[in-house]
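This is what each chain is made of:
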Amino acid sequence: MKVVMVCSGGMSSAIVVKAILKEAEKQQFDLEMIAVGSGEIENILKTSAYDLLLVAPQVKHQYATFEGYANEAGVPIDKVEPMGYTPLGAPKTLIQIKKYNK
């Protein structure tokens, strides 16, 4: 499964993504995941195929904009819960991701 997470600059999300990938490996769940900044997401969705777009809590106010990009690309979109947006919250966010697994 391929997931992209959008945050303000991609830095804090990179830490969360690393923890989610570690949890996915532990659970033997096939996951590719990257973190990108809000300025990159439109281009990323146009040039690569993803199964899910996750929106980090700090950019949830831009959800409608991201939803437009996701709808254009045919990609489901969801908000990451604040409690899931920490390295310790990785198992919770992985459960959320798995709901979109085809």
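Keep in mind it's a predicted model, so treat the numbers as computed, not measured.

**Student:** Explain the overall build of the protein chain residue by residue, including any values.
**Tutor:** Looking only at helices and strands, one finds 4 helices and 4 strands in the protein chain. For 102 residues, the compact-globule estimate of 2.2 N^0.38 gives 13 Å, and the C-alpha radius of gyration of the protein chain, at 12 Å, lies within 12% of that figure. On the principal axes, the C-alpha backbone points of the protein chain span a range of 35 × 25 × 20 Å. When each of the 102 residues of the protein chain is scored for burial, the buried share is 43%. Put simply, 70% of the contacts in the protein chain that link residues at least 6 apart link residues at least 24 apart. Looking at the protein chain as shown, the accessible area adds up to about 5700 Å², and 52% of this sits on carbon and sulfur atoms. The protein chain carries 11 positive and 11 negative side-chain charges, and their two centres are separated by 6 Å.

**Student:** Outline the side chain of Gln 96, listing residues and values.
**Tutor:** With respect to the helices and strands, the residue Gln 96 is situated in helix H4 (residues 90–98). Residue class for Gln 96 comes out buried when judged on its relative accessible area of 10%. Within polar-contact distance, the side chain of Gln 96 engages the side chain of Asp 78 at 3.0 Å. Engagement of the side chain of Gln 96 in a polar contact is seen with the backbone oxygen of Lys 79, the distance being 2.7 Å. If near-sequence neighbours (up to four positions away) are discounted, Gln 96 is found in contact with Leu 54, Asp 78, Lys 79, Val 80 and Glu 81.

**Student:** Could you give an account of the nonpolar core, naming the residues involved and the relevant values?
**Tutor:** One finds Met 5, Ile 20, Leu 31, Met 33, Leu 53 and Ile 97 to be the most contacted residues of the largest nonpolar core, which totals 35 residues. Elements represented by at least two residues in this core include exactly strand E1 (2–7), helix H1 (11–26), strand E2 (32–37), helix H2 (41–47), strand E3 (52–55), helix H3 (63–73) and H4. In this structure, Ile 20 is in contact with Met 5, Leu 31, Met 33, Ala 90, Thr 93, Leu 94 and Ile 97, ignoring residues within four places of it in sequence.

Criteria and cut-off values
- Residues numbered from 1 in each chain as written.
- Predicted model: local features only at pLDDT ≥ 70, side-chain atom pairs only at ≥ 80, totals over all residues.
- Heavy atoms only, no water.
- Helix = DSSP H or I, 4+ residues; strand = E, 2+ residues; numbered from the N terminus.
- Rg over C-alpha atoms; globule rule 2.2 N^0.38 Å.
- Buried < 20%, exposed > 50% of the residue type's maximum accessible area, 1.4 Å probe, protein only.
- Contact = heavy atoms within 4.5 Å.
- Areas by Shrake-Rupley, 256 points an atom, 1.4 Å probe, with all protein chains shown as cover.
- Lys, Arg positive; Asp, Glu negative; His and termini not counted.
- Charge placed at Lys NZ, Arg CZ, Asp CG, Glu CD.
- Polar contact = N/O pair within 3.5 Å; in protein donor to acceptor, adjacent residues only side chain to side chain.
- Core = buried A, V, L, I, M, F, W, Y, C linked by side-chain atoms within 4.5 Å.

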